[in-house]
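# Working through the structure, step by step
As a plain string of letters, each chain reads:
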Amino acid sequence: MPYSVGLRHVQVPGDPSIPVLVFYPTQAPEQVAAFGPFTVSVANGAPPLPGPFPLVLISHGTGGSPLTHRELARHLASAGFVVGVPEHPFDNRSDARGAERLELLADRPRDLRRTADALFAEL
């Protein structure tokens with residue numbers, strides 16, 4: 001039985017901070033929500049169901065956005081996962097000034113680790 005899907009915007013603190021979209025199982029009814037040119041059916045800000053639920057992190061590509069993977073994240077949440085989709089600092093659709101740096105290879109895993117730590121602390 002699929003769950004309804006909730007969505008929250010979370011800010012992982014640090015320098016730099018990391019904005020994260022979190023998709024999760026909820027009982028609240030979904031509505032189509034627009035985020036710029038993107039739409040997704042979610043219960044925006046709804047309370048999560050009590051878990052535990054497994055955590056999945058999705059990393060967007062260079063110059064991408066967490067919303068690029070919104071349907072995959074929504075599908076996983078409807079199947080009982082909590083899904084965090086961080087917007088990688090300095091390598092996203094709004095700010096790509098770090099996309100060509102070699103340090104990006106180390107930054108990405110650090111971003112995911114910080115995101116996982118923050119979500120585990122919140123869950």
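For the structure itself, consult the block above.
Below, the structure is looked at part by part. Here the structure is a predicted model, which is why all the values come from computation and not from measurement.

## Comments concerning the pattern of salt bridges
- One pass over the structure, following the stated rule, counts 4 salt bridges.
- For E30, the salt bridge goes to R74, with nearest N and O atoms at 3.3 Å. With a gap of 44 residues between them, E30 in the loop between β2 (18-26) and β3 (31-35) and R74 in helix α1 (residues 70-78) connect regions that are remote in the sequence.
- Note that D117 and R113 form a salt bridge whose closest N and O atoms lie 3.4 Å from each other. Of this pair, D117 and R113 are both found in helix α2 (residues 104-122), 4 residues apart, which corresponds to roughly one turn of the helix.
- You can call D117 partly exposed: its relative accessible area is 41%.
- A residue is classified by how much of its surface remains accessible, and R113, at 56% relative accessible area, is exposed.
- Taken together, the shared-partner salt bridges connect E30, E71 and R74 into one network.

## Description of the packing of aromatic side chains
- Enumeration according to the criterion identifies 1 aromatic pair in this entry.
- Between Y3 and F53, the ring centres sit 5.7 Å apart and the planes meet at 85 degrees, which makes this aromatic pair edge-to-face. Within this pair, whereas Y3 is found in the segment before β1 (4-12), its partner F53 is found in the loop between β4 (38-44) and β5 (55-57), the two being separated by 50 residues in sequence.

## Some thoughts on α1
- Looking only at α1, the buried set comprises R70, A73, L76, A77 and S78.
- Where α1 is buried, its residues meet β1, β2, β4, β5 and β6 (82-86).
- G80 lies just past α1 and shows a positive phi near 105 degrees.

## Concerning the sheet that holds β5
- What the 6 strands build is an open sheet, ordered β3-β4-β1-β2-β6-β5; its pairing is mixed. At either end of the open sheet lies a strand with only one pairing partner, and these are β3 and β5. With strand direction ignored, the average angle separating the axes of adjacent strands in the sheet is 40 degrees.
- As defined by bridge partners, β5 adjoins β6 across 3 bridges and the pair is classed as parallel. When the sheet's bridge partners are listed, V56 is paired in β6 with V83.
- Here α1 sits on the sheet in contact with β1, β2, β4, β5 and β6, set at roughly 25 degrees to β4.

Calculation criteria
Residues numbered from 1 in each chain as written. Predicted model: local features only at pLDDT ≥ 70, side-chain atom pairs only at ≥ 80, totals over all residues. Heavy atoms only, no water. Salt bridge = Lys/Arg side-chain N within 4 Å of Asp/Glu carboxyl O. Helix = DSSP H or I, 4+ residues; strand = E, 2+ residues; numbered from the N terminus. Buried < 20%, exposed > 50% of the residue type's maximum accessible area, 1.4 Å probe, protein only. Phe/Tyr/Trp six-rings, centres within 6.5 Å; stacked < 30°, edge-to-face > 60°. Contact = heavy atoms within 4.5 Å. Pairing = 2+ DSSP bridges. Axes fitted to C-alpha atoms, helices over the stretch in contact; angles between N-to-C directions.

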